[in-house]
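# Descriptive structure summary
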Amino acid sequence: MSTENIKISVKNITKRFELMKTRSEKILNILSFSSKKDRNFWALKGVSFDVFAGEAIGVVGLNGSGKSTLLNIVSEIYPPTTGELTINGDTSIISIGAGLKPALTGRDNIQLKLLMSGLTKKEIKTVSPDIIAFSELGDFIDQPVKNYSSGMKAKLGFSIMAHTNPDIMIIDEALSVGDSTFASKSFDKIREFKAQGKTIFFVSHSAGQVKQIADRVIWMHFGEMREMGETTEVMPHYEQWQKDFNKKSKPEREQYISDMKHEQRTFSAVDIAVQQLALDIPESSASRVDREKRKTLETQKDKLVKQATKQTQKQIQNTKFGFINWVVVILLVNLIAFTSKTALADSQTKRDETAKKVEQSKRSSQKKQPQKKASKVKKSTSKVSTSATSSVAVDSTPVNEPAIADSDGNGIPDDQETDTTVNDGAAESVAPDITYSAPADVVPSQPAVQQPILPSSSSSANTGEAAKSSNSATEATTSSESSAESGTASTSQNGGTQ
Amino acid sequence: MINAFKIIWEQIIYFPLIIRMVKYGDQSTYQNFFLGQAWKIFNPILQVSVYFVIFGFGLGQSRTVHSNPAEYLSWMLLGMAIWRFMNEAIMGGSQSIKHQIGMVSKMKFPLSILPAISIASAIWTFLALFILGTATMLSGGIGVSQEWPWAIYYLFATIAFSYSFSLFNSTIVILIPDYISILRVVMMMTMWIGGVIIKIGTFNNVIGDILRLLPFNYVVDGIRDAWLRSDTQFEATFLPATLIFWSLTIIFLLVGSFLHNKFKKSFIEYL
């Protein structure tokens with residue numbers, strides 16, 4: 001047969017299961033953070049074969065010989081540990097109850113499976129009567145699948161699969177549970193598929209079934225492919241071996257099985273790894289160089305397997321977090337950090353502004369009340385000067401503020417810190433000798449200087465500080481002006497609020 | 001980058017399949033209940049009415065922050081619509097692959113549309129609450145805002161964020177089983193930090209500022225801003241919040257699609 005018709009190509013496939021006690025251990029092992037070698041179990045120890053279009057392949061073997069594992073790997077349910085697998089075409093697997101939802105009725109399951117295979121509602125309506133008729137379920141079709149017997153589930157599963165038209169059908173012991181009439185009906189269907197050039201890959205314990213439909217047979221034997229060939233050739237060998245094996249005494253049989261299992265545990269895929277990595281091992285130990293090479297390879301056993309595993313994994317998980325992804329992610333993270341920083345600083349300044357406005361309105365309302373009475377009072381000028389200095393103190397803080405902000409460094413909470421320091425500074429720097437006229441001169445100039453910086457300055461902290469300082473400056477002017485108007489304000493209250 | 005585009009492309013070409021799966025799922029999920037799909041609407045309404053009584057009347061939210069109870073109710077319903085939708089979409093989408101993998105791995109089915117199916121089936125909750133909120137608004141004498149087309153944008157934004165976040169989560173949930181418990185707690189908290197029931201704008205401090213920038217508050221307050229009445233506080237931080245929202249969405253999409261593609265062939269081994 002030509003290579004064009006190869007449907008499934010399997011090369012040196014191995015499958016290792018880690019027999020871990022807990023799930024977290026298992027996951028850590030898969031992610032290769034930790035590995036315990038003594039718990040390995042090699043369900044497949046290097047299997048190679050090709051399957052061509054229009055063939056029916058039967059897989060036979062004892063329980064636990066790796067038949068199901070092989071089927072699962074071929075149907076891509078899980079990936080092989082090492083080796084290459086190529087599949088040309090759509091696969092569809094059927095095992096007892098595979099992909100059936102137990103809570104749904106048979107009819108709903110048919111609908112769901114067909115939907116998931118991409119059929120439209122109209123197509124489903126035309127196909128589903130055929131499926132129901134083929135499945136021979138009768139009235140049970142409207143019962144939940146959890147109430148079905150295993151034979152009924154197998155019938156339903158086979159009926160659905162037979163009508164979804166896959167290129168490669170994979171059947172996992174499903175036919176062995178059906179009765180003989182349904183089995184013969186299914187075989188007719190399988191022959192029909194074979195005639196259409198479809199590939200059938202199935203597992204069965206029944207030698208009769210295998211002889212009936214298989215063209216070729218794979219004999220799996222404890223993780224190895226013991227024989228593969230025409231049905232007429234392999235099946236007699238297998239049956240003969242089974243007979244011989246059953247003749248042995250019970251302890252002998254158990255001993256044999258445990259020996260084989262032990263071999264599966266201690267197996268290492270070195271030879272296969274070497275083959276896969278295309279290293280040449282000198283067969284003969286003729287020269288000393290060859291011998292040394294062989295020795296080094298033997299010492300590197302585990303590394304070789306790991307390397308091969310990695311290579312297979314690379315083929316399977318062919319994705320990398322590329323350079324562009326890194327760049328984009330880093331840029332976006334920076335963008336988030338920057339915008340949040342700016343936004344937080346902005347809202348902080350706004351809050352300060354509103355807080356001060358509230359304070360100011362409070363203060364002015366407080367002032368207006370005593371103003372009427374205080375016009376008579378006209379206490380001493382010294383108190384006026386204190387009120388003036390307090391407003392001057394706020395005014396003078398912008399000069400100190402950048403230094404405070406710089407020393408604090410970055411971010412949001414610092415705004416509040418600086419806020420408190422501003423107030424502290426105001427309280428501390430009550431200097432009696434500052435004259436009243438001084439703030440009026442300083443104030444108008446300051447916003448004029450700082451406002452052009454506002455939009456252009458990129459650093460968030462600076463923007464915030466600048467905005468705040470200008471705000472406080474303007475606030476100070478207004479307050480000082482208002483106090484100037486009032487002249488003899490009740491200064492004790494004024495000082496208290498600040 | 002290419003992975004992410006591929007995944008988005010898959011959503012587009014399999015869109016009919018998503019719709020069909022949603023329709024089917026709606027039928028089958030509520031099959032065993034007497035009231036059927038009505039539960040999808042009853043459940044959120046019961047939740048909202050409890051919150052309305054406790055927060056609206058008990059804690060006086062409808063008097064202090066909002067002008068009247070009808071306004072508060074419609075305000076809460078709109079926020080609840082988006083939040084319930086997001087919560088259901090993210091929780092469902094994050095677990096979708098884990099729950100379906102046994103069935104899906106045995107047939108040819110695009111795994112990346114599973115979160116999308118969960119998101120799409122959560123849309124009914126949104127519609128029910130949204131329509132209810134609009135009805136309350138209109139009966140309370142408040143008209144739909146003139147900026148209503150923006151509501152479509154916020155819905156789209158919610159869907160985009162939900163998808164990329166669930167895609168990211170769906171792989172992590174399989175790798176780290178404990179993650180789902182963390183996610184559940186976090187999603188429950190987003191109702192409070194997202195300002196669904198209590199107005200975040202009333203927090204006049206740094207906490208309020210930070211919460212206003214989070215993606216949850218962005219969509220919750222956004223849809224209110226667009227549909228109910230404009231919210232100056234929300235609009236003040238609109239630009240930074242938008243930038244943060246979409247940056248997070250893209251980051252989750254990039255990392256999520258990378259993880260998804262890396263592990264999708266061996267998902268079943270991790271279970």
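Look up: the structure comes first, before these words.
Note that this is a predicted model, so its numbers are computed, not measured. (Residues numbered from 1 in each chain as written. Chains lettered and ligands numbered in written order. Predicted model: local features only at pLDDT ≥ 70, side-chain atom pairs only at ≥ 80, totals over all residues. Heavy atoms only, no water.)

### Some remarks on the overall build of chain B
We count it as follows: Helix and strand assignments come from DSSP, with helices taken as H or I runs of at least 4 residues and strands as E runs of at least 2, each series counted from the N terminus. Each residue's exposure class comes from its accessible area (1.4 Å probe, protein chains only) as a fraction of the maximum for that residue type: buried when under 20%, exposed when over 50%, partly exposed otherwise. Residue contacts follow a heavy-atom distance rule, with two residues in contact if any of their heavy atoms lie within 4.5 Å. Surface exposure here means Shrake-Rupley accessible area, sampled with a 1.4 Å probe, where a residue is shielded only by the protein chains that are shown.
A count of helical and extended segments in chain B gives 13 helices and 0 strands. Ordering the α and β elements of chain B from the N terminus gives α-α-α-α-α-α-α-α-α-α-α-α-α. Within chain B, the fraction of its 271 residues that count as buried is 58%. Residue pairs at least 24 apart in sequence account for 78% of intrachain contacts in chain B once pairs closer than 6 positions are excluded. Of the roughly 11300 Å² of accessible surface on chain B, 71% is carried by carbon and sulfur atoms.

### Notes on the overall build of chain A
Scanning chain A from N- to C-terminus turns up 20 helices and 9 strands. Across the 498 residues that make up chain A, the buried fraction comes to 45%. In chain A, once contacts between residues fewer than 6 apart in sequence are set aside, the share between residues at least 24 apart is 74%. Only carbon and sulfur atoms are counted for the fraction: they give 53% of the accessible area of chain A, which is about 25700 Å².

### Here's the deal with the pattern of salt bridges
All names here are of chain A. We apply this condition: Whenever a carboxyl oxygen of Asp or Glu lies within 4 Å of a side-chain nitrogen of Lys or Arg, that contact is scored as a salt bridge.
Applying the stated criterion across every chain, the model contains 17 salt bridges over all chains. With a shortest N-O distance of 3.4 Å, Lys194 and Asp215 are connected by a salt bridge. With Lys194 in helix H7 (residues 180–195) and Asp215 in the loop between helix H8 (207–213) and strand S8 (216–221), the pair connects residues that are 21 residues apart, well separated along the chain. Among the residues examined, Lys194 registers a relative accessible area of 18% and is labelled buried.

### Notes on the pairing of strand S7 (residues 199–203) of chain A
Residue and element names in this part refer to chain A. How we decide: Any two strands with at least two DSSP-identified bridges between them are counted as paired.
Extensive coverage of S7 is indicated by the burial of 5 of its 5 residues. Judged by which residues are buried, S7 turns out to be covered on both faces: Thr199, Phe201 and Val203 on one side and Ile200 and Phe202 on the other are all buried. Bridge analysis of strand S3 (residues 56–60) against S7 gives 4 bridges, and the strand direction is parallel. Bridge pairing in S7 places Ile57 opposite Phe201. Note that strand S6 (residues 168–172) and S7 share 5 bridges and pair parallel. Within S7, the residue paired with Asp172 across the bridge is Val203.

### Here's the deal with the packing of aromatic side chains
Aromatic rings considered in pairs are described by the distance between their centres and by the relative angle of their planes. Quick note on the threshold: Planes of paired rings set the category: under 30 degrees apart is stacked, over 60 is edge-to-face and the rest tilted, where pairs are Phe, Tyr or Trp rings (Trp by its six-membered ring) whose centres lie within 6.5 Å. Any Lys NZ or Arg CZ that is within 6 Å of a ring centre and within 35 degrees of that ring's normal is treated as a charge sitting over the ring.
Scanning the model with the defined rule gives 36 aromatic pairs over all chains in all. Ring centres of B:Tyr72 and B:Trp75 lie 6.0 Å apart, and the angle between their planes is 25°; on these two criteria the pair is classed as stacked. Here the residue B:Tyr72 and the residue B:Trp75 both occupy positions in helix H5 (residues 69–104), the gap between them amounting to 3 residues, near one helical turn. With a relative accessible area of 0%, B:Tyr72 lands in the buried category. A relative accessible area of 3% places B:Trp75 in the buried class. One residue, A:Lys248, lies across the ring of A:Tyr256, its end atom 5.1 Å from the ring centre. When the ring centre of B:Trp75 is taken as reference, the NZ or CZ atom of B:Arg224 above it lies at 3.5 Å.

### Topic: the side chain of B:Asp209
For B:Asp209, the location among the structural elements is in helix H10 (residues 206–213). When its relative accessible area of 4% is taken as the criterion, B:Asp209 is described as buried.

### Observations concerning the interface of chain B and chain A
The following threshold applies: Buried area: the accessible area, evaluated with a 1.4 Å probe, that two parts lose upon being put together, summed over both parts. Nitrogen and oxygen atoms within 3.5 Å of one another constitute a polar contact, given that in protein one can donate a hydrogen and the other can accept it, and given that sequence-neighbouring residues count only through two side-chain atoms.
Facing the 47 residues of chain B at the interface are 51 residues of chain A. Summing both partners gives a buried area of about 4700 Å² for chain B against chain A, and 66% of it is carried by carbon and sulfur. On the chain B side of the interface with chain A, the three residues burying the most area are B:Tyr24, B:Met103 and B:Lys106, jointly 16% of the side's total. Our enumeration of links across chain B and chain A arrives at 1 salt bridge. The shortest N-O distance in the salt bridge between A:Arg351 and B:Asp209 comes to 2.7 Å. Where chain B packs against chain A, one counts 3 residue pairs in polar contact (both at pLDDT 80 or more). Contributing elements (two or more residues each) for the side of chain B that touches chain A: helix H2 (15–29), H5, helix H8 (149–175), H10 and helix H13 (238–263) of chain B. Counting residues per element, the side of chain B that touches chain A draws most heavily on H13(B), which supplies 13 residues.

### Overview of the side chain of B:Thr237
Examined against the element boundaries, B:Thr237 turns out to sit in the loop between helix H12 (232–236) and H13. Residues within four places of B:Thr237 in sequence aside, it is in contact with B:Arg212 and B:Leu213.

### Some words on unusual backbone geometry
Residue and element names in this part refer to chain A. Its identity is not glycine, yet Asn12 carries a phi of approximately 50°, on the positive side. Look at Phe222: it is not a glycine, yet its phi comes out positive at around 50°. The exposure class of Phe222 is buried, given its relative accessible area of 2%.

### Some points on the sheet that holds strand S1 (residues 6–18) of chain A
All names here are of chain A. Note the cut-off: Axes here mean lines fitted to C-alpha atoms, for a helix over just the part in contact, with angles spanning 0 to 180 degrees between N-to-C directions.
Read across the sheet, 3 strands follow the order S2-S1-S4 without closing on themselves; strand pairing throughout is antiparallel. If you trace the sheet from one side to the other, it starts and ends with strand S2 (40–52) and strand S4 (82–87), each paired once. Strand-to-strand twist of the sheet, defined as the mean angle between neighbouring strand axes without regard to direction, takes the value 20°. Pairing geometry for S1 and S2, over 10 bridges, is antiparallel. Pairing of Ile6 across the sheet is with Phe52, part of S2.

### Observations regarding the pairing of S3(A)
All names here are of chain A. For S3, the tally of buried residues reaches 5 of 5 residues, placing the bulk of the element in the interior. By the alternation rule, side chains of S3 split into Ala56, Gly58 and Val60 and Ile57 and Val59, which are all buried. Summarising the sheet, S3 and S8 pair through 4 bridges and their orientation is parallel. What sits directly across from Ile57, in S8, is Arg216.

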